[in-house]
Amino acid sequence: MIPEIRFWNPYLSVYESEKIYGEKWLRFSYENILGRIGLWGMVKRPWFSKWYGKKMDTPESRSKICPFITKYELNTDEFLENTDSYKSFNEFFFRKLKPQARPVHPSQTSVVFPADGRHLVLPDLSKVSQVYAKGQEFDLTRLLGSENLVNTFREGSMVISRLCPVDYHRFHFSLPGKVSNNRLINGNLFSVNPIALRKRISIFWENKRYLSIVENEQVGKVVQLLIGATCVGSVHITADENSFVEKGDEFGYFSFGGSCVMTIFPKNRINFREELLEQSAKGYETYFRFGEAMGHIA
């Protein structure tokens, strides 16, 4: 059985145990043989997420909002709109926040986290020895689905930003540039919770995902992958393709569930913050909010 999920909280300088939404169901699905049969037969299928997503769009789902806020101790002062204004749980789930709740790091050389969440950095993709669990190999070719991109990023770096259901679920651009190639790569919809990832890291390249490229003058091409997950079949992109964006501009949002953003940089272009590097080397994710600096352009 996979032990509790712990991550580093730099705001409190402590390791915390993650409050996992639906933990009993997740552990049954990934750690029990009967659960795994149900997982392969039903839960990973797009129709299941579509069905559950519709449930979260109904007016009746509003009854889940207040208990959710109370259980996970969300700060309603950050919400752009009043809690009573949401017409469904999904509207609440992909809520917007007040701009002052997530200030974007102002330095011209800074690169910011694209979303609230638990972050892990892989500073050299050619030397990946462990991601979430030992003995699991990382397949960049299958993840990107393009030999040309693999040649560009084979020795690059990657930041994995994992969003939990309790997090703010809009994602943003880590640095300015021109956006192109919003390409859908179809796949399954497994959970991206560590309970699942510690069993099968291949979820990253088996799941439905969108691949976008941001061309930055100083860094070059940067890939942002938007990974769908169980009950997050819908990745909503709000930024216009072939447009110029500023650092921190909204890219889009996920519907209900956990999800993930992967940001891939060319070799030696980013100097990552020490705390992120240190905890990632130990195998721990670090919680940071969108807009804070993950590092600086080298």
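What about the overall build of the protein chain?
Of the regular secondary structure elements, the protein chain holds 10 helices and 16 strands. Taking all 298 residues of the protein chain together, 56% fall into the buried category. Across the protein chain, contacts joining residues at least 24 apart in sequence account for 75% of those joining residues at least 6 apart.

Structural notes on the pairing of strand β12 (residues 250-254)
Across the 5 residues of β12, 4 count as buried, placing the element largely inside the fold. Pairing analysis gives 3 bridges linking strand β6 (residues 170-172) to β12, with the strands arranged antiparallel. Paired with Phe171 across the bridge in β12 is Gly252. In the sheet, strand β10 (residues 235-237) pairs with β12 via 3 bridges, with the strands oriented antiparallel. Looking at the pairing, Ile237 lines up with Gly252 of β12.

Quick word on the nonpolar core
Ranked by internal contacts, the top residues of the largest apolar core, which has 24 residues, are Leu143, Met158 and Met262. Looking at this core, the elements that each hand over two or more residues are β4 (117-122), α6 (140-144), α7 (147-153), β5 (157-163), α9 (203-206), β8 (209-216), β9 (220-227) and β13 (259-265). Every residue in contact with Leu143, bar those within four places of it in the chain, is listed here: Phe138, Met158, Ile185, Phe204, Trp205, Arg209, Leu225, Met262 and Ile264.

Quick notes on the sheet that holds β6
With antiparallel pairing, 3 strands are arranged side by side in an open sheet as β6-β12-β10. The open sheet is flanked by β6 and β10, the only strands paired with a single partner. Within the sheet, the average angular offset between the axes of one strand and its neighbour, ignoring direction, is 25°.

A word on helix α10 (residues 274-281)
Listing the buried residues of α10 in full gives Leu276, Gln279 and Ser280. One side of α10 holds all its buried residues, which, seen down the axis, span an arc of 100°. Among the exposed residues of α10, those pointing more than 90 degrees away from its buried face are Glu274 and Ala281.

Examining the environment of Tyr15
Within the secondary structure, Tyr15 is located in strand β2 (residues 14-17). Since its relative accessible area comes to 27%, Tyr15 is described here as partly exposed. A sequence separation of 269 residues divides Tyr15 from Tyr284, and the C-alpha atoms of the two residues are 9.0 Å apart. Leave out the neighbours within four places in its chain, and Tyr15 touches Arg6, Phe7, Trp8, Gln279, Lys282 and Tyr284. Reaching out from Tyr15, the side chain makes a polar contact with the side chain of Gln279 at a distance of 2.8 Å.

Re unusual backbone geometry
Look at Glu73: it is not a glycine, yet its phi comes out positive at around 55°. Within the secondary structure layout, Glu73 lies in the loop between α4 (65-72) and α5 (89-93). With a relative accessible area of 63%, Glu73 lands in the exposed category.

About the criteria used
Residues numbered from 1 in each chain as written. Predicted model: local features only at pLDDT ≥ 70, side-chain atom pairs only at ≥ 80, totals over all residues. Heavy atoms only, no water. Helix = DSSP H or I, 4+ residues; strand = E, 2+ residues; numbered from the N terminus. Buried < 20%, exposed > 50% of the residue type's maximum accessible area, 1.4 Å probe, protein only. Contact = heavy atoms within 4.5 Å. Pairing = 2+ DSSP bridges. Core = buried A, V, L, I, M, F, W, Y, C linked by side-chain atoms within 4.5 Å. Axes fitted to C-alpha atoms, helices over the stretch in contact; angles between N-to-C directions. Arc of directions from axis to C-beta. Polar contact = N/O pair within 3.5 Å; in protein donor to acceptor, adjacent residues only side chain to side chain.

Shape descriptors only; they carry no functional weight alone.
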